[in-house]
Amino acid sequence: MTDLKTSPLATNVVHRGDCITVLKGLPDASVDMVFADPPYNLQLGGDLLRPDNSVVDAVDDDWDKFDSFAAYDAFTRAWLTECRRVLKPEGSLWVIGSYHNIFRLGSAMQDLGFWVLNDIIWRKTNPMPNFKGTRFTNAHETLIWAARSREQKRYTFNYDAMKAFNEDVQMRSDWTLALCTGEERIKGEDGKKAHPTQKPEALLHRVIMAASRPGDVILDPFFGTGTTGAAAKRLGRHYVGIERDETYAKVAETRIAAVIPAAPEDLKVMGSKRAEVKVPFGALVEAGLLAPGDRLYSPKGDREARVRADGSLVSGEFTGSIHKLGALLENAPACNGWTYWRFKTDQGFKSIDALRSEIRATM
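Predicted model, so just to flag it, every value in this text is computed and none were measured.

Basis of the calculations
- Residues numbered from 1 in each chain as written.
- Predicted model: local features only at pLDDT ≥ 70, side-chain atom pairs only at ≥ 80, totals over all residues.
- Heavy atoms only, no water.
- Pairing = 2+ DSSP bridges.
- Helix = DSSP H or I, 4+ residues; strand = E, 2+ residues; numbered from the N terminus.
- Phe/Tyr/Trp six-rings, centres within 6.5 Å; stacked < 30°, edge-to-face > 60°.
- Buried < 20%, exposed > 50% of the residue type's maximum accessible area, 1.4 Å probe, protein only.
- Core = buried A, V, L, I, M, F, W, Y, C linked by side-chain atoms within 4.5 Å.
- Contact = heavy atoms within 4.5 Å.
- Axes fitted to C-alpha atoms, helices over the stretch in contact; angles between N-to-C directions.
- Parallel < 35°, antiparallel > 145°, perpendicular 65-115°, else oblique.
- Left-handed = near helix turned anticlockwise from the far one by under 90°.
- Salt bridge = Lys/Arg side-chain N within 4 Å of Asp/Glu carboxyl O.

Caption draft 1: Main features of the pairing of strand E4 (residues 115-124). Sheet topology note: the E4/strand E5 (residues 140-147) ladder contains 8 bridges and is antiparallel. Among the inter-strand pairings, Val 116 is bridged to a residue of E5, identified as Ala 146. Across 4 bridges, E4 lies against strand E6 (residues 174-177) in parallel orientation. Of the residues in E6, the one forming a bridge with Trp 122 is Trp 175.

Given below as structure tokens:
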């Protein structure tokens, strides 16, 4: 048997077996994102009945049954520990759950060193009603998004893309999406749903778009019928699935094989200023794009400054950085020097930001 841990990570595969056992065999720091939809541990005390005494097709599978909270907690910490190990240094993890388990998941994540970035409320437009009328209708699930650690400085968040996705309004942490129904709901030969907790692909689309880039590897240790894999393939990402139920695994593979990925040119993620490489103004002087003594001009051309060898500017009695000098000359509290200063070309004035872009292109 191939030793997965010492071999390059195989992607776009569904590993059969216990998630913890398979995870232990995966290489360190090999995946960019984890999406986990673990057992809910519903603790059902018997059949759930509708008012007409018909039985609700609820989650009563063996994979959702644990002897105690302690057993569930031990299982949770074991798979979370392995997920943290296989995440790359700038990777992140998403978990989803209901009120039955999400608080235990969150506590375990924090105890293991994960740093919570957001909790997301998935508000279901078509939730199952509370048939007994003894509680509020349970109309949402919670997702927790976390970095590997508090010290982690960088992680993927496509802020500008998500804002554009949301009609140029900053995306909030409450998402309204329908349950998986209709043609998307996979059914077996008996006409019954193939998996009791199949998630809508729209949910995974949003998660993957928000926190990964094309070409990234996304791990799902509770793969089920492959929603994560289907969304990942459609969006130009790679997936690694782990599923112990052979029936689910086969359904997932058949489902994913039918997915047609989007064209690469349609998968480019809108860039974010926050994610761009920092370029000091002095780098333009070092690269010879500007020389000591060159003159820069204000947007209206009514103010000018000379470039000095150390990357500072001088204008009359004032000196400073491109930002500080711009603010001084305009008597303003602050100034973005990259968009303020211009240099003269044969075609007229151009922003020094164009020169910064040239430097970035070489990095």
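Caption draft 2: Quick peek at the packing of aromatic side chains. All chains considered together, the criterion is met by 11 aromatic pairs. With 5.7 Å between their ring centres and 20° between their planes, Phe 223 and Tyr 239 make a pair best called stacked. Taken together, the residues Phe 223 in the loop between strand E7 (217-220) and helix H6 (227-234) and Tyr 239 in strand E8 (residues 238-243) connect sequence positions 16 residues apart. You'll find Phe 223 and Tyr 239 in the same group, each marked buried. Arranged with centres 4.8 Å apart and planes meeting at 90°, the rings of Tyr 340 and Trp 341 form a pair that is edge-to-face.

Caption draft 3: Spatial organisation of the nonpolar core. Counting 32 residues, the largest nonpolar core has Met 33, Phe 35, Trp 94, Leu 143 and Leu 203 as the members making the most contacts within it. Those elements giving two or more residues to this core turn out to be strand E2 (31-36), strand E3 (87-97), E4, E5, E6, helix H5 (201-211), H6 and helix H7 (246-257). Per element, the largest residue contribution to this core is 7 residues, and it comes from H5. If near-sequence neighbours (up to four positions away) are discounted, Leu 143 is found in contact with Phe 35, Trp 94, Val 95, Ile 96, Asn 118, Asp 119, Ile 120, Trp 122, Leu 203 and Val 207. If you look at the next biggest cluster of nonpolar residues, it comprises 29 residues, including Ile 20, Tyr 72, Val 86 and Ile 102.

Caption draft 4: Geometry of the packing of H6 against H7. Relative orientation of the contacting elements H6 and H7 amounts to 20°, with a least axis distance of 9 Å. Overall, the two elements H6 and H7 adopt an arrangement that is roughly parallel. In this structure, H6 crosses over H7, and the sense of that crossing is right-handed. Between H6, through Thr 227, Gly 229, Ala 230 and Lys 233, and H7, the contact on the second element is made entirely by Arg 255, Ile 256 and Ala 257.

Caption draft 5: Main features of the side chain of Thr 225. Within the element layout of this structure, Thr 225 appears in the loop between E7 and H6. When residues no more than four places from it in sequence are discounted, the contact partners of Thr 225 are Ile 186, Ala 194, His 195, Gln 198, Tyr 248, Val 251, Ala 252 and Arg 255.

Caption draft 6: Focus on unusual backbone geometry. For Asn 12, which is not glycine, the phi torsion reads 60° and is therefore positive. Considering the arrangement of structural elements, one finds Asn 12 in the segment before strand E1 (13-16). On the basis of relative accessible area, Asn 12 is assigned to the partly exposed category, the value being 36%.

Caption draft 7: Structural context of the pattern of salt bridges. Applying the stated criterion across every chain yields a total of 17 salt bridges. The salt bridge involving Glu 246 is made with Arg 16; its shortest N-O contact spans 3.1 Å. One end of the pair, Glu 246, is in helix H7; the other, Arg 16, is in strand E1, and 230 residues separate them in sequence. Residue class for Glu 246 comes out partly exposed when judged on its relative accessible area of 35%. Its relative accessible area of 35% is what places Arg 16 among the partly exposed residues. Among the ionic pairs, Asp 111 bridges to Arg 77, the shortest N-O distance being 2.8 Å. Residue Asp 111 is found in helix H3 (residues 102-111), and its partner Arg 77 is found in helix H2 (residues 69-86); the two are separated by 34 residues along the sequence. The network of salt bridges with common partners includes Lys 24, Asp 28, Glu 82 and Arg 85.

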